[in-house]
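Observations on the three-dimensional arrangement
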Amino acid sequence: MENLLEIKNLHVSVEGKEILKGIDLAIKKGEIHAIMGPNGSGKSTLASVIVGNSRFNVTQGSIFFNGKNLLEMKPEDRAREGIFLSFQYPVEIPGVSMVNFMRAAVNEHRKYRGEDPISASDFLKLMRDKREMLGIDSQLVNRSVNEGFSGGEKKKNEIFQMAMLNPKLSILDETDSGLDIDALRIVATGVNKLHTKDDAVIVITHYQRLLDYIKPDVVHVLYNGKIIKTAGPELALELEENGYESLINNAME
Amino acid sequence: MIEQQYIDLFETYREVIDQNATEGLNKERDAAFEAFKKWGFPTSKLEDYKQSDISRAFDADLGLNLRNIPIPVNPYDAFKCDVPHLNAHVFFLINDRYYDKTQPDLPLPNGVFVGSLQTFSEKYPRSFSMYYNKIAAADNGVTAYNTMFAQDGFVVYVPENTVVEKPLQLINILRGGVNLNVNRRILLIAEKNADVKLLICDHTVDDVNFVVTQVTEMVAGENAQVEFYELEENSVKVTRISSLYCLQKEQSKVTAAGITLHNGYTRNDYRFRLSGEYAETHVGGLVISDKEQHTDNFAFLDHAVPHCTSNELFKYVLQEKSTGVFCGRILVEKGAQKTEAYQSNRNLCSSEDAHMYAKPQLEIYADDVKCSHGLTTGQLDEDALFYMQARGIPEEEARMLLMVAFTKDVVDMIHIDILHDRLEYLIDKRFRGELLRCGNCNVCK
């Protein structure tokens, strides 16, 4: 089967400093990949580059998504091609209601596919269905985007947006950080409910904890801008036991 | 001296001016003439006019319609104001004259007068002389100029204990075949326990230069409630110099908001005197500008007595080569204890050529007060923009949504629901460059 996401020899720098030093990664439909690694290893940079954050400079390599060259696309087009990032730090947007924000996003996706805008009643129904599916409070969607939300509410809201937009590739950037165990369960359950054999998920995390709920098919360890090890889900458990140190030492040799 | 031609004009045409006005209006001209000769038009040498030299607007060949030559216009044709409807009583001023063929609307409550300043001065001479030119400052050159030449205008008079349920709407229409100076006068009197809402919309029909002075005198009597909204949608060839003078008595509540949606060169003064205890003032301003538009809002809140509250919120979205100016002065007089006065000024400059000049001024002579001001000028939040793009919203659309969101809290000061919603729609269109600039009343259509 063809790869959904294919990254080859990706080098990325920010303000002249090289952060990613040759990443190769291939993900197929239906797969869940975990990317682990210590702080500062480049995990969030990788996520940002995939969604098109212009702060990061791609100096070498390529990213293809569904056979299309992502690096030539604007962030909004990548999103409409089906890439979704659950932000590590979701942004507060005072004055823009969740309803208007989501309606704009949903309609932009539809427009991209050549469809008419969604009707008001269908849209409200869609909002309600997704909200109920994820067990999210109606209050959350009646407010301005993320404004005054707690850390947990912000992360739940990310998953809600993911449900609304129905992406082909979801990237969860430290979605577990700042979550208590109940919120973590809601978020993880949501991700599992949304995941099908037709889409893929990248889970970026420091800890095994989230991977107890979202079971990865493949685990990668990213260190100092390179993937130093790729293995099955047992790798995450190993890391939980022994930490990154021995792995890093092996890689250095 | 720029003033000389106007001094000569006034002296030469004094008789014509008087003949085409009423005794009440004419009585005020001599003192105004003296004041004008003394003060002249404000120039940028004055601190309060540093960024807006008013005299320059008058350094031009402008006609004045002192003989009241009728200007052919049927506002009902020009402005289809009866469509989805604000559900308001609608009135018109053609330049500075009241349009006296106003179609009868539902009757107004007993004792309420809404109409021409000339008619009011003759029908209610006592009330007229009690208020006309009594609230406006005597030491402002442009206000004096307006008083010299004012021949008509618009009056809202609401007697004691009277509520006008439906909003009143005044539509100012600028028409002319040559460059014109228009001097418009507005009087709004809400007596004790009265309650009234007035919306004024400014429109330009003809493509000539207009220099407009507008002096609005407003009195909110004891426990009166007044809402006063202005929406400017003039052409770029219009200079608008508006001065609002408001006197508030005890427990009165006034909300005033000016929305500058499209303009040329604008100076709006909002001068409030809180002279009765427990009076409350809310003043808002929203400016959306591009091209080389210039908008200067000057707010002066004078807390003369204890226990009054004022709240100011002014926001600017400046694009292209436009200029915004804001000066907010709060004066808490000696003895005005327990004053609460808050001021906020937030500005977006979305191009390198846009300029914002902002100046908060707090003068406080009482020691038990709560006063604050906040001022920021910046660009759209890049993180928010990227977040929206990452959800599939194109950058241009995301900018639009963020700019509309930025204007929201000023629009929320408007308590007429239909107007509030209509404004949200118009602001969206303005940012998209789809706003019909004139020829139609966008509020009502």
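Residues numbered from 1 in each chain as written. Chains lettered and ligands numbered in written order. Predicted model: local features only at pLDDT ≥ 70, side-chain atom pairs only at ≥ 80, totals over all residues. Heavy atoms only, no water.

**Some thoughts on the overall build of chain A**
Here is the rule: We count a stretch as a helix when DSSP gives it H or I for four or more residues in a row; a strand needs E for two or more, and each element gets its number in order from the N terminus. Throughout, radius of gyration means the C-alpha value; the globule benchmark is 2.2 Å times the number of residues raised to the power 0.38. The cut-offs for exposure are 20% and 50% of the maximum accessible area for each residue type, with area from a 1.4 Å probe on protein chains only; residues under the lower value are buried, those over the upper are exposed, and the others partly exposed. Here the accessible surface of atoms and residues is derived via Shrake-Rupley with a 1.4 Å probe, and residues count as covered only by protein chains that are part of the display.
Across its full length, chain A holds nine helices and 12 strands. Here chain A has a C-alpha radius of gyration of 18 Å; the compact-globule value for 253 residues is 18 Å, and the two agree. Overall, chain A is about 60 × 40 × 40 Å in size when its C-alpha atoms are taken along their principal axes. Expressed as a percentage of its 253 residues, the buried residues of chain A come to 53%. Carbon together with sulfur atoms contributes 46% to the accessible area of chain A, which is approximately 11,500 Å² in total.

**A look at the pattern of salt bridges**
Residues and elements named next belong to chain B. Rules: Salt bridges are counted wherever a side-chain nitrogen of Lys or Arg sits within 4 Å of a carboxyl oxygen of Asp or Glu.
Tallying each qualifying case throughout the model produces 41 salt bridges over all chains. Close ionic contact of Glu 28 with Lys 134 constitutes a salt bridge, the shortest N to O distance being 3.5 Å. You can see Glu 28 sitting in the loop between helix H2 (23-27) and helix H3 (29-39) and its partner Lys 134 sitting in the loop between helix H7 (125-131) and helix H8 (141-149), a full 106 residues away along the chain. Of the residues examined, Lys 134 reaches a relative accessible area of 46% and is grouped as partly exposed. Put simply, Arg 432 and Glu 397 hold a salt bridge, and the shortest N to O gap is 3.0 Å. Pair noted here: Arg 432 is in the segment after helix H11 (417-431) and Glu 397 is in helix H10 (residues 395-411), with a separation of 35 residues, a long-range link. Among the residues examined, Arg 432 registers a relative accessible area of 30% and is labelled partly exposed. Each of Arg 184, Asp 202, Glu 230, Glu 232 and Arg 240 takes part in a single network of salt bridges with overlapping partners.

**Topic: the interface of chain A and chain B**
Inclusion rule: In this description, contact between two residues means that some pair of their heavy atoms is separated by no more than 4.5 Å. Here the buried area means the combined drop in accessible surface, using a 1.4 Å probe, for two parts upon being joined, counting both sides. Any pair of N or O atoms that falls within 3.5 Å is considered a polar contact. Within protein, one atom must be able to donate a hydrogen and the other to accept it, and sequence-neighbouring residues count only if both atoms are side-chain atoms.
Opposite the 28 residues of chain A that make contact, chain B presents 18 residues. Counting the surface lost from both chain A and chain B, the interface buries some 1,800 Å², and carbon and sulfur atoms represent 68% of this. A per-residue breakdown of the area chain A buries against chain B is headed by Glu 76, Phe 87 and Val 91 of chain A, which together make up 26% of the total. Linking chain A to chain B there are two salt bridges. At the junction of chain A and chain B, the tally comes to nine residue pairs in polar contact (both at pLDDT 80 or more). Among the elements that line the side of chain A that touches chain B, the one with the most residues is helix H3 (residues 98-112) of chain A, at five residues.

**Comments concerning the sheet that holds strand S6 (residues 83-86) of chain A**
Residues and elements named next belong to chain A. Formally: At least two DSSP bridges between two strands are required for those strands to pair. A fitted line through C-alpha atoms serves as each axis, taken over the contacting stretch for helices, and the angle formed by two N-to-C directions is quoted from 0 to 180°.
Ordered in space as S6-S9-S10-S3-S11-S12, the six strands form an open sheet in which the pairing is mixed. In this open sheet, the two edge strands, each paired with only one partner strand, are S6 and strand S12 (226-231). Direction aside, the axes of adjacent strands within the sheet are offset by 20 degrees on average. Pairing of strand S11 (residues 218-223) with S12 involves five bridges; the strand directions are antiparallel. Bridge pairing links His 220 to Thr 230 in S12. Lying over the sheet, helix H8 (residues 234-242) contacts strand S3 (32-36), S11 and S12, oriented at roughly 45 degrees with respect to S11.

**Brief notes about the nonpolar core**
For soluble globular proteins, nonpolar side chains are generally found buried alongside one another. As a reminder, the rule being used: The term nonpolar core refers to a set of buried residues drawn from Ala, Val, Leu, Ile, Met, Phe, Trp, Tyr and Cys, joined through side-chain atoms within 4.5 Å.
Ranked by size, the top nonpolar core spans 125 residues in total, and within it Ile 50 and Ile 171 of chain A carry the most contacts. Those residues in contact with Ile 50 of chain A that sit more than four places away from it in its chain are Leu 5, Ile 7, Ile 63, Leu 70, Arg 78, Ile 83, Ile 171 and Ile 202 of chain A. Listed in part, the 45 residues of the second largest apolar core include Val 164, Ala 194, Val 226 and Phe 228 of chain B.

**Overview of the confidence of the model for chain B**
Residues and elements named next belong to chain B. Cut-off, in case you're wondering: Across the chain, each position has a pLDDT score giving the predictor's confidence in that residue, from 0 to 100.
Looking at chain B, pLDDT values average 93 and 95% of them are 70 or higher. This stretch, residues 80-84, has a pLDDT under 50; its non-local contacts, to residues over four places away or in other chains, come to nine contacts. A low-confidence stretch, residues 437-445 stays under pLDDT 50, and its non-local contacts, those more than four residues away or across chains, total 42 contacts. Prediction confidence for the complex, expressed as pTM and ipTM, is 0.90 and 0.96 respectively.

**A closer look at H8 of chain B**
Residue and element names in this part refer to chain B. With nine of its nine residues buried, H8 lies for the most part within the structure. For H8, the complete set of buried residues consists of Gly 141, Val 142, Thr 143, Ala 144, Tyr 145, Asn 146, Thr 147, Met 148 and Phe 149. Where H8 is buried, its residues touch helix H1 (2-19), H3, helix H4 (54-57), strand S6 (180-190), strand S8 (210-220) and strand S10 (238-248). At the N-terminal end of H8, a side-chain oxygen is found 3.0 Å from the backbone nitrogen of Val 142, two or three residues along, and the residue is Asn 140.

**Some remarks on the pairing of strand S4 (residues 153-158) of chain B**
All names here are of chain B. Of all six residues that make up S4, six are buried, and the element is covered over most of its length. What you see with S4 is no split at all: Gly 153, Val 155 and Tyr 157 on one side and Phe 154, Val 156 and Val 158 on the other are buried throughout. Bridging between strand S3 (residues 113-116) and S4 involves four bridges; their strand directions are antiparallel. Counted as the bridge partner of Phe 113 is Tyr 157 from S4. Where S4 meets S6, six bridges bridge the pair, whose relative direction is parallel. Within the sheet, the bridge partner assigned to Val 156 lies in S6 and is Leu 188.

**Let's talk about unusual backbone geometry**
Of note in this structure, Glu 15 of chain A is not a glycine but carries a positive phi near 50 degrees. Here Glu 15 of chain A lies in the loop between strand S1 (5-14) and strand S2 (17-27). For Glu 15 of chain A, a relative accessible area of 82% translates into the label exposed. Positive phi is not limited to glycine here, since His 307 of chain B has a value of about 65 degrees. Tracing the backbone shows His 307 of chain B in the loop between strand S14 (294-303) and strand S15 (309-318). For His 307 of chain B, a relative accessible area of 27% translates into the label partly exposed.

**Describing the pairing of S14 of chain B**
Here is the key point about a regular strand: its side chains alternate between the two faces of the sheet. Residues and elements named next belong to chain B. A large share of S14 lies buried, amounting to 10 of its 10 residues. Here S14 shows two buried faces, one formed by His 294, Asp 296, Phe 298, Phe 300 and Asp 302 and the other by Thr 295, Asn 297, Ala 299, Leu 301 and His 303. Relative to S14, strand S12 (residues 265-274) runs parallel, the two sharing 10 bridges. Residue pairing for S14: Leu 274 is matched across the bridge by His 303.

**Quick word on the packing of H3 of chain A against helix H6 (residues 151-165) of chain A**
The description of two helices packed together rests on the angle between their axes and the distance between the axes. Residues and elements named next belong to chain A. We apply this condition: Whether a crossing is left-handed or right-handed is set by the direction in which the near helix is turned from the far one by less than a right angle, anticlockwise for left-handed and clockwise for right-handed.
Closest axis-to-axis distance for the H3/H6 pair is 10 Å, and the angle between their directions is 35 degrees. Judged by the twist between their axes, the crossing of H3 over H6 is right-handed. Taking contact as the criterion, the partners of Met 98, Phe 101, Met 102, Ala 105, Val 106 and His 109 in H3 are, on H6, Asn 157, Phe 160, Gln 161, Met 164 and Leu 165.

**Focus on the packing of aromatic side chains**
All names here are of chain B. For clarity, the threshold we go by: In this scheme Phe, Tyr and Trp rings, the latter by its six-membered ring, pair at centre separations within 6.5 Å, and the angle between planes marks the pair as stacked below 30 degrees, edge-to-face above 60, and tilted otherwise. Two thresholds decide whether a charge sits over a ring: the Lys NZ or Arg CZ must be within 6 Å of the ring centre and within 35 degrees of the ring normal.
Taken as a whole and assessed by the stated rule, the structure comprises 26 aromatic pairs over all chains. Ring centres 5.2 Å apart and planes at 40 degrees place the aromatic pair Phe 113 and Phe 120 in the tilted group. Residue Phe 120 is classed as buried on the basis of its relative accessible area, which comes to 0%. Over the face of the ring belonging to Tyr 49 we find Arg 267, whose NZ or CZ atom lies 4.0 Å from the ring centre. Between Lys 315 and the ring centre of Phe 406, over which it is positioned, the NZ or CZ distance is 4.3 Å.

**Remarks on the sheet that holds S14 of chain B**
Pairing between sheet strands relies on hydrogen bonds along the backbone, with the strands arranged either parallel or antiparallel. All names here are of chain B. The mixed open sheet is built from nine strands, whose spatial order is S3-S4-S6-S8-S10-S12-S14-S16-S18. Both outer strands of the open sheet, S3 and strand S18 (355-364), are each paired with one neighbouring strand and no more. The mean inter-strand angle of the sheet, taken between neighbouring strand axes irrespective of direction, is 5 degrees. As judged from the 10 bridges shared by S14 and strand S16 (residues 323-332), these two strands associate in the parallel manner. Bridging from a neighbouring strand, Ala 299 pairs with Gly 328 of S16. The strands touched by H8 are S6, S8 and S10; relative to S6, the strand with the most contacts, the crossing angle is about 95 degrees.

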